[in-house]
Amino acid sequence: MQSHEIRIGTRGSPLALAQAEETRFTLAQRLQIAPEAIQIVAMKTTGDKITDRPIAEAGGKGLFTKEIDEALTDGRIDIGVHSAKDMATRLPDGIVIAACLPRQDVRDVFVSPVAARLADLPEGAIIGTSSLRRRALALRLRPDLRVVDLRGNVDTRLRKISEGEAQATLLAAAGLTRLGLLDRAASFMEVDQWLPAPGQGAIAIAAREDDLVTRQRLAAIDDRATSIALAAERAYLTVLDGSCRTPIGGLATIEGARLTFRGIIVTTDGLTAHEIATTGATGDGERIGREAGDALLKRGGPGFFRR
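Small disclaimer: the values here were computed from a predicted structure and weren't measured.

**Q** Before we move on, can you summarise helix 1 (residues 14-31) with the specific residues and values?
**A** The end-to-end C-alpha separation of helix 1 is 25 Å, in line with the 26 Å expected for 18 residues at 1.5 Å each. Turning to helix 1, its buried residues are Leu15, Ala16, Gln19, Ala20, Thr23, Arg24, Thr26, Leu27 and Ala28. One or two steps after helix 1, the chain reaches Gln32, where phi turns positive at roughly 60°.

Structure, rendered in structure tokens:
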């Protein structure tokens, strides 16, 4: 046995490392190898280095995977572990999503020391988020709110809220759960009113397309329901050219052999939104996602996301 049979590339944030550890544990258990045979290689990505402006202005969410993708392409790592919602809509040539771990809670949570729910915030309250989707959905429900950019990892954002930089924020339930911090949530944002980001709650594992040995190993830990849902959501995003620059929500859920897809596009001011709900066979997940994206693109019309 080599000293490291598999090298996992990941961002160095506490949440990213927790996801890498979950992947290492699952792989080691399924492949019946020692966890020590799987090395975690943490790296700082371009997205982590940009703290002076919103990621949307710097080039979008692919900046959180850039260095990991390069290390994967160069052969310095064997797999990349990502929050699926952080991955670029179009992956670099030669890289594929080879597996997903079972999906966590897809919902956002509301975090605030002054209110139990978004609806309970005082008029004109300040809410902090770096997500255009969360900004747009918050303003859709509460147009009186002031929204400020709130960057940093989960711990940093929680600290900024406790220090009064804003009166509330919105975070992914899955991230708080993986960090053991779900008790910081004041309430959950239910998906019937507040759709998550496509891919939210899912850990996606990338590999080189031509690395058949690694892809076969990853197939052993793949959660098919999560992979099917994620493929539908990413097909939807591809049509809409989704990135951090566009307020888009989307969620595929699976019951038996049926896949249900719901999507929403919102202007950044929250004033205009278009929604869709559709269903079909799980085997048609990508087609369902593409058709949902096409329908919303037509409803929004030219320039919808540039308002």
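**Q** So what about helix 6 (residues 154-162)? Which residues, and what values?
**A** Those residues of helix 6 that fall on the buried side of the exposure criterion are Val154, Arg157, Leu158, Lys160 and Ile161. In a view along the axis of helix 6, the buried residues occupy a sector of 160°, so they form one face of it. In the core, the buried residues of helix 6 are packed alongside helix 1, strand 5 (108-111), helix 5 (132-141), strand 8 (168-172) and helix 7 (173-178). For helix 6, the N-terminal cap is Asn153; the gap from its side-chain oxygen to the backbone nitrogen of Asp155 is 3.2 Å. Trailing helix 6 by a residue or two, Gly164 shows a phi angle of about 90°, which is positive.

**Q** Describe the sheet that holds strand 1 (residues 6-11), listing the residues and the values that go with them.
**A** The sheet built from 5 strands is open, its strands ordered 2-1-3-10-4 with mixed pairing. Only two strands of the sheet have a single neighbouring strand rather than two, namely strand 2 (38-43) and strand 4 (95-100). Each neighbouring strand pair of the sheet contributes to a mean axis angle of 30°, computed without reference to strand direction. In the packing of helix 1 onto the sheet, contacts are made with strand 1, strand 2, strand 3 (79-83) and strand 10 (203-208), and the angle to strand 1 comes to roughly 160°.

**Q** Any chance you could break down the packing of aromatic side chains for me, citing the residues and the numbers?
**A** For the coordinates displayed, the defined rule picks out 1 aromatic pair. The ring of Phe188 carries the charged tip of Arg107 above its face, separated from the ring centre by 4.0 Å.

**Q** How would you sum up the nonpolar core? Please name residues and give values.
**A** In this structure, Phe110, Leu118, Leu121, Ile127, Leu145 and Trp194 are the most contacted members of the largest nonpolar core, which totals 21 residues. Among the elements of the structure, helix 5, strand 8 and strand 12 (258-266) are those that each provide at least two residues to this core. Of the residues forming this core, the biggest block, 4 residues, is contributed by helix 5. In contact with Leu121, not counting residues within four places along its chain, are Phe110, Ser112, Val114, Ala115, Arg142, Leu145, Gln167 and Ala168. Counting 18 residues, the second-largest nonpolar core is a separate cluster that includes Ala20, Ala28, Leu218 and Ile221.

**Q** Could you give an account of the pairing of strand 4, with specific residues and numbers?
**A** Of all 6 residues making up strand 4, 5 are buried, and the element is well covered by its neighbours. Pairing analysis gives 5 bridges linking strand 4 to strand 10, with the strands arranged antiparallel. Bridge pairing in strand 10 links Ile97 to Ala206.

About the cut-offs
- Residues numbered from 1 in each chain as written.
- Predicted model: local features only at pLDDT ≥ 70, side-chain atom pairs only at ≥ 80, totals over all residues.
- Heavy atoms only, no water.
- Helix = DSSP H or I, 4+ residues; strand = E, 2+ residues; numbered from the N terminus.
- Expected span 1.5 Å × (residues − 1).
- Buried < 20%, exposed > 50% of the residue type's maximum accessible area, 1.4 Å probe, protein only.
- Arc of directions from axis to C-beta.
- Contact = heavy atoms within 4.5 Å.
- Polar contact = N/O pair within 3.5 Å; in protein donor to acceptor, adjacent residues only side chain to side chain.
- Pairing = 2+ DSSP bridges.
- Axes fitted to C-alpha atoms, helices over the stretch in contact; angles between N-to-C directions.
- Phe/Tyr/Trp six-rings, centres within 6.5 Å; stacked < 30°, edge-to-face > 60°.
- Lys NZ or Arg CZ within 6 Å of the ring centre and 35° of its normal.
- Core = buried A, V, L, I, M, F, W, Y, C linked by side-chain atoms within 4.5 Å.

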